[in-house]
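Coordinate inspection notes
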Amino acid sequence: RSSDLAGVKQFREFLKKEFSEENVLFWLACEEFKKTQDKKQMHQKARQIYMTFLSNKSSSQVNVEGQSRMNETILEQPHPLMFQKLQDQIFNLMKYDSYSRFLKSDAFVQSRRMEEEEESGVPESTAKRASISYNT
C-alpha cells in the first residue's frame, strides 16, 4: 500500500537524522533477498548484503551480535533465510529503540495529525492543536 511505503520512507528519513538508516536498509535488503529464487542471483545478492552491511570494511555496517566472528565463508552456501537471525536482531533493535523514538518525533506526530484530518475531512481547530501541542 502507498501508506506503508510512505511510512517506511518517513521512518528512513528519521533514521538518517539519527545516523542509523543502515538498519532499515539492511532489513529491507534481507526481505528482498528472501524472495530470490535464482542461485546465481542469490550468490550476488548475498555478497552485496554482506559487503554493504556486515563486512568490517563496510561503510554502512549494522551492529549485530557475533559480527566480529563473521566472515565471507557464510556466502559459500547461500539460502533465502541465511540472514534471518541477523535481520531479527536488527528488527528488534529498531522496534524497541528507534521506532519508539520515531513515534514520539515531531515529524511523525505532525504527519499522523494531517492523516487524521484527511480521513475526517475536517481540519483541527487551532485550540485543539494547541491543546495537543502543549498537553493542556
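Our subject is the structure listed above.
Model, not experiment: these values are computed from the prediction.

Rules and cut-offs
- Residues numbered from 1 in each chain as written.
- Predicted model: local features only at pLDDT ≥ 70, side-chain atom pairs only at ≥ 80, totals over all residues.
- Heavy atoms only, no water.
- Helix = DSSP H or I, 4+ residues; strand = E, 2+ residues; numbered from the N terminus.
- Buried < 20%, exposed > 50% of the residue type's maximum accessible area, 1.4 Å probe, protein only.
- Contact = heavy atoms within 4.5 Å.
- Areas by Shrake-Rupley, 256 points an atom, 1.4 Å probe, with all protein chains shown as cover.
- Core = buried A, V, L, I, M, F, W, Y, C linked by side-chain atoms within 4.5 Å.
- Expected span 1.5 Å × (residues − 1).
- Bend = angle between axes of the 7 residues up to and from the residue.
- Phe/Tyr/Trp six-rings, centres within 6.5 Å; stacked < 30°, edge-to-face > 60°.

Let us look at the overall build of the protein chain. A tally of helices and strands in the protein chain yields 6 helices and 0 strands. When the helices and strands of the protein chain are listed from N to C terminus, the series reads α-α-α-α-α-α. Counting all 136 residues of the protein chain, 27% fall into the buried class. Residue pairs in contact within the protein chain that sit at least 24 positions apart in sequence constitute 57% of those at least 6 positions apart. Split by element, the accessible area of the protein chain, about 9,600 Å² in all, is 52% carbon and sulfur.

Next up on the list: the nonpolar core. Grouped together as the largest cluster of nonpolar side chains are 23 residues, with contacts concentrated most on Phe26, Leu54 and Phe83. When contributions to this core are tallied by element, the ones reaching two or more residues are helix H1 (2–17), helix H2 (21–34), helix H3 (39–54) and helix H4 (84–104). Ranked by residue count, the leading element in this core is H3, at 6 residues. Residues in contact with Phe26, not counting those within four places in the same chain, are Ile49, Phe53, Leu54, Val62, Leu86, Gln87 and Ile90.

Before going further, it helps to spend a moment on helix H5 (residues 106–120). With 15 residues, H5 ought to run about 21 Å at 1.5 Å a step, and its terminal C-alpha atoms sit 21 Å apart, in line with that. Directly beyond the C-terminal end of H5, a positive phi value near 80 degrees is found at Gly121.

We now examine H4. The terminal C-alpha atoms of H4, which comprises 21 residues, lie 28 Å apart, in line with the 30 Å expected from a rise of 1.5 Å per residue. Of all the bends in H4, the largest measures some 40 degrees and sits at Met94. Residues Leu86, Gln87, Ile90, Met94, Ser98 and Phe102 constitute the buried set of H4.

Overall, the coordinates contain 8 aromatic pairs when judged by the stated rule. An angle of 65 degrees between the planes, with centres 5.3 Å apart, marks the rings of Phe33 and Phe83 as edge-to-face. Taken together, the positions of Phe33 in helix H2 and Phe83 in the loop between H3 and H4 put the pair 50 residues apart, joining distant regions of the chain. One exposure class covers both Phe33 and Phe83, and it is buried. Counting every residue linked through ring pairs, the aromatic cluster contains Phe11, Phe14, Tyr99, Phe102 and Phe108.

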